[in-house]
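Here is what each chain is made of, one letter per residue.
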Amino acid sequence: MLSLIRVMGSCLLAWLWAHAAIAQTTWPDKPVKLVVGFTAGSATDVTARLFAQKFTEAWGQPVVVENVSGNSGAIGVDRVAKAPPDGYTLMWSGNAAITILPSMQALPFDPLKDLTAISTSLVMPSVFVVNNDLPVKSIAELIAYAKANPGKLSYGTPGVGTPQHIAGELFCHLAGIKMEHIPYRGANLTDVMSGVVPVGIQNAGAGMPMVRDGRVRGIAVTSLKRAASAPDLPTLAEQGFPGFEATSWFALMGPANLPRPIVDKVRAESLKVLADPEMQKKFAVMGLDLVGSTPEETRAAIAADIPKWAKVIRDANIKTGP
């Protein structure tokens, strides 16, 4: 019996090695779907199409972006989680559905068990901005104003459960202040510019053009280090909140049990995209910083962020519905 088990084990191991070798040498030999959990024209969609174009050129097979929008990207994530792990259904994912939503609602997938992390390719910080007439030019002054004027400040974000909303609630908790959250659908800075909402938290790609034009005043970025797209804006960490980090990121993912040779091939090609000077210029214009992490680093970041944001969500009593 023991001999039979050993033989069966050897056969299984040989099959796995053969499967991996085939994946490494022949994949892809047909079109690849790159699922995006948001609508066409969104930042997630635009960046996905840049990578898809380069992948198509490199692999000689069409890499087709498929928009499966809804529930902050979670519907698209579920589509990928339930796909065969053959490399022909991949995902270009934002972080909301994977690290924030699990603490806000029951999801039909487990981000750590049902997905294979390939690489976090890009990260986009958010910017804290204020109306030009608000007497606030720094985070310290924002806190002082909020404490001197209780109940008078509100802040707008792209919506409930977005990285910007979570960043705002984390900031308010750490600063010991209260600002009313005003959720929008997408960019909200026009209302900040007009004074309808005095404070805004928006991704750098949408926020920095208005800061540069002087239409709103930028006072901080939410990355640990100053952003390439906003080198003159200090971080929250520099302004009394050490370790503060709340960014949006874009990562390549696949279904669970995706063969490692495919994972390595996709990541290797994504690193070439990040190293392309023309692509770097495009990413810079969009307010994106380059990452290129390993699968292990990406998975570790997801595993760390889920409980981190769960505490913020619990403390602030954030809910997706009424």
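From a predicted model like this one, the values you see are computed outputs, not experimental measurements.

Undergrad: Explain the overall build of the protein to me, using residue names and the numbers behind them.
TA: A tally of regular secondary structure across the protein gives 11 helices and 11 strands. Along the first, second and third principal axes, the C-alpha set of the protein runs to 75 × 45 × 30 Å. Out of the 322 residues in the protein, the part that is buried amounts to 52%. Here the contacts in the protein between residues at least 6 apart in sequence split such that 77% fall between residues at least 24 apart. Roughly 14600 Å² of accessible area belongs to the protein as shown, and the carbon and sulfur atoms make up 58% of that amount. One finds the centroid of the 29 positive side-chain charges in the protein at a distance of 3 Å from the centroid of its 26 negative side-chain charges.

Undergrad: Before we move on, could you go through the packing of aromatic side chains and cite the residues and values that matter?
TA: Inspection of every chain in the model, using the stated rule, returns 9 aromatic pairs. Ring pairing ties together the aromatic residues Trp27, Phe51, Phe55, Trp59, Tyr88, Trp92, Phe250 and Phe283, which thus form one cluster.

Undergrad: Just give me the short version of helix α11 (residues 295-316), but keep the residues and values in it.
TA: For α11, spanning 22 residues, the distance from its first C-alpha to its last is 31 Å, which sits close to the expected 32 Å at 1.5 Å a residue. Every buried residue of α11 is listed here: Pro295, Thr298, Ile302, Asp305, Ile306, Trp309, Ala310, Val312 and Ile313. Turning to α11, the residues buried within the fold contact α4 (96-100), β4 (115-124), α6 (163-175), β10 (248-255) and α9 (260-275). Immediately beyond the C-terminal end of α11, within one or two residues, lies Asn317, with a positive phi of roughly 55°.

Undergrad: Describe the environment of Gln239, listing the residues and the values that go with them.
TA: If you trace the backbone, Gln239 turns up in the loop between β9 (217-221) and β10. The class for Gln239 is buried, based on a relative accessible area of 19%. In this structure the C-alpha to C-alpha distance between Gln239 and Ser138, which are 101 residues apart in sequence, comes to 8.1 Å. Ignoring sequence-local partners within four residues, the contact set of Gln239 consists of Ser138, Ile139, Ile219, Ala220 and Pro234. Engagement of the side chain of Gln239 in a polar contact is seen with the backbone nitrogen of Ile139, the distance being 3.0 Å.

Conventions we followed
- Residues numbered from 1 in each chain as written.
- Predicted model: local features only at pLDDT ≥ 70, side-chain atom pairs only at ≥ 80, totals over all residues.
- Heavy atoms only, no water.
- Helix = DSSP H or I, 4+ residues; strand = E, 2+ residues; numbered from the N terminus.
- Buried < 20%, exposed > 50% of the residue type's maximum accessible area, 1.4 Å probe, protein only.
- Contact = heavy atoms within 4.5 Å.
- Areas by Shrake-Rupley, 256 points an atom, 1.4 Å probe, with all protein chains shown as cover.
- Lys, Arg positive; Asp, Glu negative; His and termini not counted.
- Charge placed at Lys NZ, Arg CZ, Asp CG, Glu CD.
- Phe/Tyr/Trp six-rings, centres within 6.5 Å; stacked < 30°, edge-to-face > 60°.
- Expected span 1.5 Å × (residues − 1).
- Polar contact = N/O pair within 3.5 Å; in protein donor to acceptor, adjacent residues only side chain to side chain.

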